[in-house]
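Overview (structure and organization)
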There are 2 protein chains.
Amino acid sequence: MPLRRTLLTAALAAAVFSTPLRAQEPADWVDPFIGTTNFGTTNPGAVCPNGMMSVVPFNVMGSDENLYDKDARWWSAPYEYRNKFFTGFAHVTLSGVGCPELGSLLVMPTAGALDVDYRNYGSAYTSQTALPGYYSNLLTKYGIRTEVTATPRTSAERYTFPEGTGHILLNLGEGLTNESGAWVRRVSDTEVEGMKLLGTFCYNPQAVFPVYFVMRVSKRPAATGFWKKQPPKQGVEAEWDKDAGNYKLYTQYGKDIAGDDVGVWFSYDMQPGEQVEVRMGVSFVSAENARLNLEAEQQGRSFDDIRAAARRTWNDDLGRIRVEGGTEAQKKVFYTGLYHALIHPNVLSDVNGEYPAMESAEIRTAEGNRYTVFSLWDTYRNLHQLLTLVYPERQLEMVRSMVGMYREWGWLPKWELYGRETFTMEGDPSIPVIVDTWMKGLRDFDMDAAYEAMRKSATTPGARNRMRPDIDPYIEKGYVPLGFYARDLSGDNSVSHALEYYIADHALSLLADSLGKKDDAALFRARSLGYKNYYSTESGTFRPITKEGKFLTPFDPRQGENFEPVPGFHEGSAWNYTFYVPHDVAGLARLMGGRRRFIDKLQMVFDQGLYDPANEPDIAYPYLFSYFQGEEWRTQREVRRLLDRYFTTAPDGIPGNDDTGTMSAWAVFSMMGLYPDCPGEPYYTLTSPVFDKVTVTLDPKYYPAGELVIETERSGAGDVYIGSMTLGGRPLKKYRISHGELVGGGRLVFGLQPERK
Amino acid sequence: MPLRRTLLTAALAAAVFSTPLRAQEPADWVDPFIGTTNFGTTNPGAVCPNGMMSVVPFNVMGSDENLYDKDARWWSAPYEYRNKFFTGFAHVTLSGVGCPELGSLLVMPTAGALDVDYRNYGSAYTSQTALPGYYSNLLTKYGIRTEVTATPRTSAERYTFPEGTGHILLNLGEGLTNESGAWVRRVSDTEVEGMKLLGTFCYNPQAVFPVYFVMRVSKRPAATGFWKKQPPKQGVEAEWDKDAGNYKLYTQYGKDIAGDDVGVWFSYDMQPGEQVEVRMGVSFVSAENARLNLEAEQQGRSFDDIRAAARRTWNDDLGRIRVEGGTEAQKKVFYTGLYHALIHPNVLSDVNGEYPAMESAEIRTAEGNRYTVFSLWDTYRNLHQLLTLVYPERQLEMVRSMVGMYREWGWLPKWELYGRETFTMEGDPSIPVIVDTWMKGLRDFDMDAAYEAMRKSATTPGARNRMRPDIDPYIEKGYVPLGFYARDLSGDNSVSHALEYYIADHALSLLADSLGKKDDAALFRARSLGYKNYYSTESGTFRPITKEGKFLTPFDPRQGENFEPVPGFHEGSAWNYTFYVPHDVAGLARLMGGRRRFIDKLQMVFDQGLYDPANEPDIAYPYLFSYFQGEEWRTQREVRRLLDRYFTTAPDGIPGNDDTGTMSAWAVFSMMGLYPDCPGEPYYTLTSPVFDKVTVTLDPKYYPAGELVIETERSGAGDVYIGSMTLGGRPLKKYRISHGELVGGGRLVFGLQPERK
């Protein structure tokens, strides 16, 4: 199989770009529709790797024919594969999240009479094409073909119209975000600039921020103006004001408008097949910077040039990992997973380096890129480890961004969103990310400030601790009791909180040890073991503890499945959390009565459907078998089962929210044959790779070997069990490998077999 | 009486400014509460002569205790004397108009817990003081004393707080205007800038324009932020968003907000009696210009200095007419009338000369002042004539502004409002204003452009004639038939339209004649006589003509009283319009069957209550008697009756909408003893003055005599009939005097007597 690929590649090396027969490039194995239903909440829009701009078909409002409507239910994605009603392209979106946010600045091409009500102007569509950096469809109501592409901070959009009246609409009133309000100013007949307010992510009403934009149309409109939905009026005022409660068209006034629901229209007389292009630059600093971004990144290039450049950046990034063997479907799952892992965190700073400082109206200038969208409760588990391995320069910029947030705001991020701490989910997840990066040798950041920040959140008592609001009992008793943080016990997440603190404190103890801070190391190591308080021999699980120090009774460890609120645990049952002590698996096993009981219980979780593949707390579970000699085959079996079952090429091919790439990163690591199951520890647990060969181009600045090669020898696809392993030609005995060993240049070779060893 | 005044003045010349015993200045006879009820729609706010800025107590929303509520009925004033509930100071308002507009940028001081809902934060008040350029009250709910004053384009406000928590609120969501939407940006802890959208004046949805502002507080707040009323939400979204449908306080985010209903709060810990000052600059060009206006006009001066300067400008302007004799009440009525006549038109251009061009987003730079708020259907009758006489430099700038509008937009104004033509009321009222100015010798403007503009509106056929939309039948038949302009005949104003065109064409014919354009003069003179078509001998009035050329039947000439809609006439009955041919009174008399019938019919109008003192069409009626020798006493009697009855020092002392000073100008002229009853003709009809002596300081640049003195000799206040008249010592035979005669330097002396001559 590897041979065939090589020959094919050589044979087609001279093939013309974009012909069907050309050599397949990594981008060709990306299917952006994967994860766009089944609550994966990814989208098929155009975006560059870790880019600020995304241009995403918006199809979640305005029609009863849609299966999911953003206003009829809790809904967090701009696009849903099974919906049918397109109301424009959203600019700047989130991928794989569980709360509605961003997804505004909606641009829509229409034809015929001008109508600015999205319930009317939306259209069904066919002929969808989605590739990295490109999306296209055909609006059946109008016969308009849409095409969009992107640079890191700007969009390029090409709309091909039928003959007759055509319009470009910019709707600033709608979007996924629950904030409202925008202003827009006409700069010229072909350019507008403005601001749209965003925020209120995940119930946080103060996590509010503005996005600024500049939008240009390629053709001078025959007519242009604003619209604004008018507040309703009563009585005599309503009698004379026919616009009250309706969308009012401003035909004479075109300077500067503001409101909850405003927009801009450009109208044209179109020749058959005429194309009008839209270019948009965005910034979180100012409209001026949005224009600067637009000019710097586009420099007058054509749509096709920008599209080709976007594809090149994806091929460059995706191509850092080259896989051979496996099925086409597996390649698609892998590269689409890698694609999804390279969307967030994304760049926040403008081309001039300016960015909004954390929790401030201040504008600062970054030296490198400033990043944002840190969904750390998710991404601390594997996504940053993936970046550390394959994109270390980016991971370092992200760590520097996190330390910068501490400098500006006084705290490291938890779930940072465009300069706002949304306090979504729990724990102290910056600590394992920073420690993991440091422990893997990426140290070009201000560790003095970082350590100060980490120690601050690990030790500051009382309510002024923004990261660990319930730190007092945690320090005093070693655990967080029920009811400290939430009065409504159904919303109490005390056990989840504490489990996250244990992980963080374990990571911090590793770092303190490596920095020679022995006292700190001992302190945090001790605290990381407080999890034992929660283990109930009666239930055989972790179990909430009341303020009186008793286990919560009655107690059903299954309660909490499917995101049902339950006392003690956040988005999960006791089973989803009970094994989440990756830093002390042996200790947990002892608590449970020994290795055998641990293994049996963990196996039972899989066998009885107590494992939730759709959320993070238990995603390292399958790797825990490998902590016990002779049980590693269970890891290999369960990982392969999960990959085959939940990660497919279908639109529902991600088991739940992708969580800004965390689910995808799980699949990427697992398909390569390794997984960083204990955040902060520079180690990976090994499992059987899916591919025959995986070649990772390593950045020689950080990894002098320059390449990581994983090879697999097997007789067929059914060989999922590891029979032998060598590293650099020498047999590997353990199923855990250090980061240093992995990147040391020695080839990692798995011998697979159909039956467990 | 004159003697006593002179002695008193001399005796107190050295008295300290602002002591109760000082010499009375003109500003002391101004009572800004006159006209603030009975639909006078003036207000007691602080304003400078013809200033852009006004700072007006806003008391027309938020409480059932108010008699008049802006949202419960058609309501056009920011303040109503009989209301009780104060919700802040509006910045930039209209005085004396009949449609709601402007009256936004509401600043409110409060105390106690922060509440941004005006229904809650409003307060009752006592201790109102209103003087030219100054207003103050005491908010009883809070114990806060408010004081406001103004420069031409900026405000100064001083709020004296009790001990404890105090707030300054800037509400951008409410106001009189029917437009909504604003943005506001924090510049520093003590400064914000922004824009509020205004417009939709008098049913015109496209007459939309922005006001920009900069606002500063004198003290750094302990806390500050925005608020925004949130759109309501339904279902699951409403469940988690407690702010939905409510005012949301933004406590962390403070950069840049926009929406239908937004505001800014500044919170303080106050010492007892602590004062916080607010300064606001406005501009119709940009926030930058608002700041420029603020800095240029205030230059760091104290509140008291600004207040004193505002008073000085009023004394300077009001003092151009000095009256002696008459009662204190008559002086109050006179100077308050003059005050009201000096509010609109007001300056539009900023201190750097920039202004928004007419019906455009373009910014231009004026050489002198650019003026706005031209309520010309009202003001062409007398207000511009008053300015021409007493403030000629201002009148010329206004004419230049009108010609500038033609250059920018292609048409002279009809009812211009901040760069928008609102098309309110009818006719072609710029023509008589410009002609009147020219014929009175003020000629320092571009008459070539002006004549071109006037001829354009008088001759352009068809619907593209924006000033005279029904010009085709007017030219073809000499009149406008019913149903040409309005399908709903109850809203048809055809006769009113045509009557205005006759007046305008008469004025244009005078001008053409004076310019040597004999053909034009003849053409427009002939057209001005088309009024005869409307005279029905059956009804004895003007009467609408159907498309078939017949008089409307059935027909009730009284229909249309009290602003009831009626076919043919606008805001009036046939009686209110039938004598409105001031340019051909003799011709009208002939139509009516001669002088006697004319006089009897006109007298009947007064005797039977057919005269409406509350609107413009008939306000020149009492002067028409004087066109007939021996009947002049009727003018003198009716004018005095009207003055005594309708123009008082009470808050209801203006008979209806002051119409940007037109009603007040009627009183001012009438009390001086003369009235310009035929707009465009440089003549005044004389009547008996109210005062013993009126001295007008004339601008020697335009009127070399430099002074106009009108003296009255009488035995007592009951002497209302003219027995004799001399000008420069020579007997005057006629009761009409030319402008040239009036300003020629000869003293005009009336000998009055108790019985008619």
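Treat the numbers as computed from the prediction; the structure is a model and nothing was measured.

**A look at the packing of helix α9 (residues 392-409) of chain A against helix α10 (residues 430-439) of chain A**
Residue and element names in this part refer to chain A. Where α9 meets α10, the axes come as close as 11 Å, and the angle between the chain directions of the two elements is 135 degrees. The pairing of α9 with α10 is recorded here as oblique in orientation. Here α9 runs over α10; the crossing is left-handed. Packed against α9, whose contacting residues are Gln395, Val399 and Met402, the element α10 presents Ser430, Val433, Ile434 and Thr437 at the interface. Here the residues of the contact of α9 with α10 are counted per class, giving four nonpolar, three polar and no charged.

**Examining unusual backbone geometry**
In the segment running from His344 of chain A into Pro345 of chain A, the intervening peptide bond is cis, with an omega of -15 degrees. In the segment running from Thr553 of chain A into Pro554 of chain A, the intervening peptide bond is cis, with an omega of -5 degrees. Summarising the element assignment, Pro554 of chain A is placed in the loop between β27 (541-542) and α15 (574-578). One non-glycine residue with positive phi stands out, namely Glu571 of chain B, at about 55 degrees. Residue placement: Glu571 of chain B occurs in the loop between β27 (541-542) and α15 (574-577).

**Let's talk about the pattern of salt bridges**
Within the structure shown, the criterion is met by 101 salt bridges over all chains. We note a salt bridge from Glu25 of chain A to Arg311 of chain A, for which the minimum N-O separation is 2.8 Å. Residue Glu25 of chain A is located in the loop between α1 (2-11) and β1 (46-47), and its partner Arg311 of chain A is located in helix α5 (residues 303-318); the two are separated by 286 residues in the primary sequence. Of the charged contacts in the structure, one is a salt bridge between Arg595 of chain B and Glu631 of chain B, with a shortest N-O distance of 3.3 Å.

**Topic: helix α11 (residues 447-459) of chain B**
Residue and element names in this part refer to chain B. Here α11 is 13 residues long and its end C-alpha atoms lie 18 Å apart, about the 18 Å a rise of 1.5 Å per residue gives. Met447, Ala449, Ala450, Tyr451, Ala453, Met454, Ser457 and Ala458 are the residues of α11 that are buried. Along its buried surface, α11 packs onto α9 (392-409), α10 (430-439), α12 (471-477), α13 (494-514) and α14 (518-528). Of the residues flanking the start of α11, the one acting as N-cap is Asp446, its side-chain oxygen 3.2 Å from the backbone nitrogen of Asp448.

**Observations regarding the interface of chain A and chain B**
Contacts between the two partners involve 50 residues from chain A, matched on the other side by 50 residues from chain B. In total, chain A and chain B occlude about 4000 Å² of area from one another, counting both sides; carbon and sulfur atoms represent 51% of this. Taken together, chain A and chain B are joined by four salt bridges. A salt bridge links Glu179 of chain A to Lys248 of chain B, with the nearest nitrogen and oxygen atoms 2.5 Å apart.

**Description of the relation of the copies chain A and chain B**
Between the two copies, chain A and chain B, the superposition gives an RMSD of 0.0 Å; the rotation angle is 180 degrees and the shift along the axis is 0.0 Å. Viewed as a symmetry operation, the transformation between the two copies matches a two-fold axis. For chain A, the minimum C-alpha distance to the rotation axis belongs to Gly259 of chain A and amounts to 1.8 Å. Here 100% of the interface residues in chain A have copies in chain B that are interface residues too; the copies meet face to matching face.

**Thoughts on the pairing of strand β10 (residues 182-188) of chain B**
Residues and elements named next belong to chain B. With six bridges joining them, β10 and strand β11 (residues 191-199) adopt antiparallel strand pairing. Counted as the bridge partner of Ala182 is Lys196 from β11. Hairpin connection from β10 to β11: two residues lie between these consecutive antiparallel strands. Pairing between β10 and strand β15 (residues 256-259): four bridges, direction antiparallel. Considered in β15, the bridge of Ala182 is made with Gly259.

**Points about the side chain of Gln230 of chain A**
Mapping Gln230 of chain A onto the fold places it in the loop between β13 (223-229) and α3 (235-240). Within the structure, the side chain of Gln230 of chain A is placed 3.1 Å from the side chain of Tyr250 of chain A, a separation counted as a polar contact. With near-sequence residues (within four places) excluded, Gln230 of chain A lies in contact with Asp243, Ala244, Gly245, Asn246, Lys248 and Tyr250 of chain A together with Glu179 of chain B.

**Remarks on the state of the cysteines**
Residues and elements named next belong to chain A. Applying the stated criterion to the full structure yields two disulfides over all chains. Between the sulfur of Cys99 and that of Cys202 lies a disulfide, 1.7 Å long from S to S. Note on the Cys99 and Cys202 pair: the S-S dihedral is about 105 degrees, so by sign convention the disulfide is right-handed. Linking Cys99 in the loop between β3 (89-91) and β4 (104-111) with Cys202 in the loop between β11 (191-199) and β12 (208-217), this pair joins segments that are 103 residues apart in sequence.

**A look at the packing of aromatic side chains**
Residues and elements named next belong to chain A. Taken as a whole and judged by the stated rule, the model has 87 aromatic pairs over all chains. Taken together, Tyr474, Tyr479, Tyr501, Tyr502, Tyr531, Tyr534, Tyr535 and Phe542 form an aromatic cluster joined through their ring pairs. For Arg307, the ring lying beneath its charged end belongs to Tyr134, and the centroid distance is 3.5 Å.

**Some details on the sheet that holds β15 of chain B**
Residues and elements named next belong to chain B. Read from one edge to the other, the open sheet built from nine strands follows the order β5-β6-β7-β8-β17-β12-β11-β10-β15, with strand pairing classed as antiparallel. The sheet is open, and its two edges are formed by β5 (125-131) and β15, each paired on a single side. Going across the sheet, the axis of each strand differs from the next one's by a mean of 15 degrees, ignoring polarity. Strand direction decides the pairing type here: strand β8 (residues 154-160) and strand β17 (residues 275-283), joined by seven bridges, are antiparallel.

**Points about the confidence of the model for chain A**
Residues and elements named next belong to chain A. Per-residue confidence for chain A gives a mean pLDDT of 95; residues scoring 70 or more make up 97%. In the model, residues 1-20 has pLDDT below 50 throughout and makes 17 contacts with residues more than four positions away in sequence or in other chains. Listed scores for the predicted complex are pTM 0.94 and ipTM 0.92.

**Here's the deal with the sheet that holds strand β24 (residues 415-417) of chain A**
Residue and element names in this part refer to chain A. Pairing within the open sheet is antiparallel, and its three strands lie in the order β23-β24-β25. Bordering the open sheet on either side are β23 (374-375) and β25 (420-421), each of which pairs with just one other strand. Pairing of β24 with β25, which is carried by two bridges, proceeds in the antiparallel orientation. For Leu417, the partnering residue across the bridge sits in β25 and is Arg420.

**Some words on the environment of Lys518 of chain A**
Residue and element names in this part refer to chain A. Counting through the fold element by element, Lys518 comes out in helix α14 (residues 518-528). Given the relative accessible area of 51%, Lys518 is considered exposed. Polar contacts involving the side chain of Lys518 include one to the side chain of Asp513, which spans 3.1 Å.

**Describing helix α6 (residues 328-341) of chain A**
All names here are of chain A. Across its 14 residues, α6 extends 20 Å between first and last C-alpha, which sits within 8% of the 20 Å expected from 1.5 Å per residue. The element α6 is extensively covered by neighbouring structure, given that 11 of its 14 residues are classed as buried. Considered for burial, the residues of α6 that qualify are Gln330, Lys331, Val333, Phe334, Tyr335, Thr336, Gly337, Leu338, Tyr339, His340 and Ala341.

**Some words on the packing of helix α13 (residues 494-514) of chain A against α14 of chain A**
Residue and element names in this part refer to chain A. Running from amino to carboxyl end, α13 crosses α14 at an angle of 160 degrees, the nearest separation of the two axes being 7 Å. What the angle tells us is that α13 and α14 run roughly antiparallel. Classified by chirality, the crossing of α14 by α13 is left-handed. Here Tyr502, Asp505, His506, Leu508, Ser509, Ala512 and Asp513 of α13 come into contact with α14, specifically with Lys518, Asp520, Ala521, Phe524, Arg525, Arg527 and Ser528. Residue composition of the contact of α13 with α14, by class: five nonpolar, three polar and six charged.

**Side note on the pairing of strand β17 (residues 275-283) of chain A**
All names here are of chain A. The buried count for β17 comes to eight of nine residues, which makes it a mostly enclosed element. Pairing between β12 and β17: six bridges, direction antiparallel. Residue pairing in the sheet places Val214 in a bridge with Gly281 of β17.

The rules behind these values
Residues numbered from 1 in each chain as written. Chains lettered and ligands numbered in written order. Predicted model: local features only at pLDDT ≥ 70, side-chain atom pairs only at ≥ 80, totals over all residues. Heavy atoms only, no water. Axes fitted to C-alpha atoms, helices over the stretch in contact; angles between N-to-C directions. Helix = DSSP H or I, 4+ residues; strand = E, 2+ residues; numbered from the N terminus. Parallel < 35°, antiparallel > 145°, perpendicular 65-115°, else oblique. Left-handed = near helix turned anticlockwise from the far one by under 90°. Contact = heavy atoms within 4.5 Å. Nonpolar A, V, L, I, M, F, W, Y, C, P; charged D, E, K, R; others polar. Salt bridge = Lys/Arg side-chain N within 4 Å of Asp/Glu carboxyl O. Expected span 1.5 Å × (residues − 1). Buried < 20%, exposed > 50% of the residue type's maximum accessible area, 1.4 Å probe, protein only. Polar contact = N/O pair within 3.5 Å; in protein donor to acceptor, adjacent residues only side chain to side chain. Buried area = accessible area lost by both parts, 1.4 Å probe. Least-squares fit on C-alpha atoms with pLDDT ≥ 70 in both. Pairing = 2+ DSSP bridges. Disulfide = S-S within 2.5 Å. Phe/Tyr/Trp six-rings, centres within 6.5 Å; stacked < 30°, edge-to-face > 60°. Lys NZ or Arg CZ within 6 Å of the ring centre and 35° of its normal. pLDDT = per-residue confidence, 0-100.

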